[in-house]
Amino acid sequence: NAGVTQTPKFRVLKTGQSMTLLCAQDMNHEYMYWYRQDPGMGLRLIHYSVGEGTTAKGEVPDGYNVSRLKKQNFLLGLESAAPSQTSVYFCATTTSGAFRYFGPGTRLTVT
Amino acid sequence: AQSVTQLDSQVPVFEEAPVELRCNYSSSVSVYLFWYVQYPNQGLQLLLKYLSGSTLVKGINGFEAEFNKSQTSFHLRKPSVHISDTAEYFCATPGAFQKLVFGTGTRLLVSP
């Protein structure tokens, strides 16, 4: 039981490059979320999913796309990276109520 | 929409002193509240949660928080801090579709 894993852990991109971050969970949770963390701003929700095949925009969705083709995976894509997307990205999952499980984070730098 | 406010961006304190980190929430019919801790270069760890019942909630590492409905607050306290408590602390509350809404965080700096 690995919980929530994120791939990759670190990445450096050049402006305009694209990449995909993978969040995988083995707990059969319905809800999955992508957050970004920036100094002084806490964690802000980018996109989320309430089940396989569904996605929805969060607080800061611009510049990102997501997909949830399989229940256990939630992909976050950057089609054309910008320096403003330099951040630490966290994935989280829950089924209901109080317990949420966070991944270890992905540190992305866009130069 | 549910929201939480952390007014203190940074709280410096000496080791073994008491500390209080403040969190205020927007009023709603039902309130769930959480405190998370993030140690340097690590992910988030749940410290404690309030769902219902007793207004004094005890968490891990000697932390506790008190739910105060009249003041719409959920302040985090520890009677005696250690150097190892140096971290960033986030207050959070769930919104629609179980989305967690976070405060901007409070950095606790414990010095000897």
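Quick caveat: nothing in here was measured; it's all calculated off a predicted structure.

*Asks:* Please give an account of the overall build of chain A that cites residues and values.
*Replies:* Scanning chain A for helices and strands turns up zero helices and 11 strands. Taken from the N to the C terminus, the helices and strands of chain A come in the order β-β-β-β-β-β-β-β-β-β-β. Relative to its length of 111 residues, chain A is compact, with a C-alpha radius of gyration of 13 Å against a globular reference of 13 Å. Along the three orthogonal principal directions, the C-alpha set of chain A runs to about 35 × 30 × 25 Å. Every one of the 111 residues in chain A was classed for burial, and the buried ones make up 48%. Partitioning the contacts of chain A with sequence separation of at least 6, the portion at a separation of at least 24 is 53%.

*Asks:* Tell me about the interface of chain A and chain B, residues and numbers included.
*Replies:* At the junction of the two partners, chain A supplies 21 residues and chain B supplies 19 residues. Of the roughly 1,600 Å² buried between chain A and chain B on both sides combined, carbon and sulfur atoms contribute 62%. Where chain A touches chain B, the interface holds six residue pairs in polar contact (both at pLDDT 80 or more). Those elements that provide at least two residues to the side of chain A that touches chain B are strand E4 (31-38), strand E5 (42-49) and strand E9 (87-94) of chain A.

*Asks:* A description of the nonpolar core should follow, citing residues and the corresponding values.
*Replies:* Counting residues in each nonpolar core, the largest one holds 27 residues, and the members touching the most others are Trp35, Leu48, Phe74, Leu76 and Tyr89 of chain B. For this core, the secondary-structure elements that each account for two or more residues are strand E2 (10-14), strand E3 (19-21), strand E5 (33-38), strand E6 (45-50), strand E8 (64-68), strand E9 (73-78), strand E10 (87-94) and strand E12 (106-111) of chain B.

*Asks:* Explain the packing of aromatic side chains to me, using residue names and the numbers behind them.
*Replies:* Inspection of every chain in the model, using the stated rule, returns 15 aromatic pairs over all chains. Ring geometry for Tyr35 of chain A versus Phe102 of chain A: centroids 6.4 Å apart, planes at 40°, classification tilted. One end of the pair, Tyr35 of chain A, is in strand E4; the other, Phe102 of chain A, is in strand E10 (residues 101-102), with 67 residues separating them in the sequence. On the accessibility criterion, Tyr35 of chain A (1% relative accessible area) is buried. Look at Phe102 of chain A and you get buried, because its relative accessible area is 14%. Cluster of aromatic residues (ring-pair linked, three or more members): Tyr33, Tyr35, Tyr48 and Phe102 of chain A together with Phe34, Tyr36, Phe90, Phe97 and Phe102 of chain B.

*Asks:* Quick rundown of the layout of surface pockets? Include the residues and the values.
*Replies:* Here the largest pocket defines a volume of roughly 490 Å³. Along the walls of the largest pocket sit 26 residues, with Gln37 and Arg107 of chain A together with Gln38, Asn41 and Gln42 of chain B positioned nearest its centre. For the lining of the largest pocket, the secondary-structure elements that each account for two or more residues are E4, E9 and strand E11 (106-110) of chain A together with E10 and E12 of chain B. Per-element accounting of the lining of the largest pocket gives the leading share, three residues, to E10 of chain B. Here the residues of the lining of the largest pocket are counted per class, giving 11 nonpolar, 10 polar and five charged. Taken as a whole, the second largest pocket spans an internal volume of roughly 330 Å³. Around the second largest pocket, the lining comprises 21 residues; the ones closest to its centre are Glu59 of chain A together with Gln2, Leu100, Val101 and Phe102 of chain B. Of all the secondary-structure elements, those providing two or more residues to the lining of the second largest pocket are E5 of chain A together with strand E1 (4-5) and strand E11 (100-102) of chain B.

Calculation notes
- Residues numbered from 1 in each chain as written.
- Chains lettered and ligands numbered in written order.
- Predicted model: local features only at pLDDT ≥ 70, side-chain atom pairs only at ≥ 80, totals over all residues.
- Heavy atoms only, no water.
- Helix = DSSP H or I, 4+ residues; strand = E, 2+ residues; numbered from the N terminus.
- Rg over C-alpha atoms; globule rule 2.2 N^0.38 Å.
- Buried < 20%, exposed > 50% of the residue type's maximum accessible area, 1.4 Å probe, protein only.
- Contact = heavy atoms within 4.5 Å.
- Buried area = accessible area lost by both parts, 1.4 Å probe.
- Polar contact = N/O pair within 3.5 Å; in protein donor to acceptor, adjacent residues only side chain to side chain.
- Core = buried A, V, L, I, M, F, W, Y, C linked by side-chain atoms within 4.5 Å.
- Phe/Tyr/Trp six-rings, centres within 6.5 Å; stacked < 30°, edge-to-face > 60°.
- 1 Å grid on protein atoms, 1.4 Å probe; cavity = no way out; pocket = protein on both sides within 12 Å on 5 of 7 lines; lining within 4 Å.
- Points joined across faces, edges and corners; volume = space filled by probe spheres on them.
- Nonpolar A, V, L, I, M, F, W, Y, C, P; charged D, E, K, R; others polar.

Purely geometric stuff here, so don't read any function into it on its own.
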